[in-house]
Amino acid sequence: MTLPIRIKGFTTEVLSWKPWLDTVDVDTATPAQLAALDAMSPQARTSPYFLVLAHQPEILLQRSIAFNAIMFAPGGMPRAERELGATVESRVNGCVYCASVHAQRFEQLAKRNDVISQVFEAPASAGTTPREKAIVAFSVRLGAEPDKVSAEDIRALKQAGLAELEILDLIHSVALFAWANRLMLNLGEPVFPAAAS
Amino acid sequence: MTNISNVVDVIDAAVPLAPDQATWALRRQRDKVVSATQGSYDAMFSPAVEGLSVTERLLVALHACCVSKADSLAAHYRDRLAAEGADSGVIEAVDSGEPVADARLRTVLAFTGKLIERPIEGDRAAVQSLADSGLSAPAIVAMSQLIAFLSYQIRLAAGLKALAAAEAAA
C-alpha cells in the first residue's frame, strides 16, 4: 500500500461527496429510478451522487449506459489510459472528487502512479512516455479548447502509436468527464476523510 | 427496429459525418455509445421532463454552444428553436449574448454560461439561485444534466470533426 498523493489540492485518497439537493429515497423510488441506478452499478443505490441524479431516471439511465460503454468496453484503448484521460479532464476542470476516483482506478489498473503526480502537478507537460504525453496533451486540449482541436492533434496521437479506435475511446472518455465533472462540481461537494470522521 | 447501418444522428449531422466516411464507420464500432448519446439527447429535450419547457432547454443549449464556439451545434439548436415556434427576438438575444428580458431565463442562462466555462466556480449559492427562481430539485437535476451533457456533446463533435479532417487529409 503506497501513501496517497496530495498535490495542489488534488489527492488519491478516497473521498466522499455531499449533495446540495435532496436525494431520492430508495425505499420509495419508482421502478424506473431503481432500473436507472442498477444500470449504473451495484453500488449506485447507496451513492448520494446517483441518488440525486435519480430525480431524472431516463436521463440517468442513458448516461449510465454511455458511461459503462465508454469506460469498460473491451478492445481499443487500454482501460488504464481511458482512466488517465478522465483524470486529466477532471484535473483541468478542478474536479477534486472525480480526479481522486479515476486516479485511483488508473493506479489499480496500471500498478503505478508516477504520471498521476505529474498530472496533479502540471497537466500540460505530464506523461512518462511519448505515448502518455500525447494522450495527456490531447486530453488537456479537448477539455479546455474543444473549438481548437484539429487534424494536427489527431496526427500527433497517431505518431505516438495510437490506433483510430483508441483515439475514439480517448475522445469519448475526455468528453464523458466534461459531463461528469460538471455534475459533481455543481450538485454537491467533496468531503475529505478528516472532515468526514 | 432502426437499422444502425445507415442512420445519421444528431452528432453525425453536426460534425458532419456521412455513412460512406471511415470516421462514421469507426464511430459505429462503439455502437452502445452511439445509441446512448442519442438516447441522452432525446431524454434531455423530452417533453416528459417537468419544470423547464423544451424551449427553455433549447435556449440553454444554444447559449452553451455559442459560448463554446460550437457553430454547427449552435445552428442545430437554432433550427430546433425556430421549429418549436420560439420568440425570434429571444433567440436573437441569446445568439448574440444580449441579456434577455425574462428574469427566470436570465438566471438559467447565467448558470449555464458559468457551468460551461468555469465549472469550478459552481457553488451552493448558484444552485440556490435556481431554486429561488422557482425550479424544483428534479428540474435543477434536469438542467444540470443538460448543461453537462452539452459539454460532452460539444467535445465529442469536436473530436470527431478532427478525426474526419485527418481522414480527409490522409
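The model shown is predicted, which means the values in this text are computed figures rather than measured ones. (Residues numbered from 1 in each chain as written. Chains lettered and ligands numbered in written order. Predicted model: local features only at pLDDT ≥ 70, side-chain atom pairs only at ≥ 80, totals over all residues.)

Residue and element names in this part refer to chain B. Under the 1.5 Å per step criterion, the end-to-end length of helix α4 (residues 54–67) is 20 Å for 14 residues, consistent within 8% with the ideal 20 Å. α4 sits mainly inside the fold: 10 of its 14 residues count as buried. Taken as a whole, α4 has its buried residues at R57, L58, L59, V60, A61, L62, H63, A64, C65 and C66. Contacts made by the buried residues of α4 are with α3 (31–44), α5 (71–83), α6 (88–95), α7 (103–117) and α9 (137–169). (Helix = DSSP H or I, 4+ residues; strand = E, 2+ residues; numbered from the N terminus. Expected span 1.5 Å × (residues − 1). Buried ≥ 20, exposed ≤ 12 C-beta atoms within 10 Å, placed from the backbone. Contact = placed C-beta atoms within 7 Å.)

Here we take up the domain arrangement of chain A. Residue and element names in this part refer to chain A. With domains assigned, chain A is organised as domain 1 (22–72) and domain 2 (75–186). Its C-alpha centre places domain 1 at a distance of 25 Å from the equivalent point of domain 2. Each side of the interface is counted separately: domain 1 has five residues, and domain 2 has five residues. Top element by residues in the side of domain 1 that touches domain 2 is helix α3 (residues 57–72). It accounts for four residues. Among the residues forming the side of domain 1 that touches domain 2, the class breakdown is five nonpolar, no polar and no charged. (Domains from an automatic or database assignment. Nonpolar A, V, L, I, M, F, W, Y, C, P; charged D, E, K, R; others polar.)

Here is a general trend for soluble globular proteins: nonpolar side chains tend to be buried in one another's company. Among the nonpolar cores identified, the biggest contains 122 residues, and L62, C65, M143 and A157 of chain B are the most heavily contacted of them. Here this core spans two domains, and each of domain 1 (22–72) and domain 2 (75–186) of chain A adds at least three residues to it. Setting aside residues up to four positions removed in sequence, M143 of chain B forms contacts with L52, V60, V108, L130 and L135 of chain B. (Core = buried A, V, L, I, M, F, W, Y, C linked by C-beta atoms within 7 Å.)

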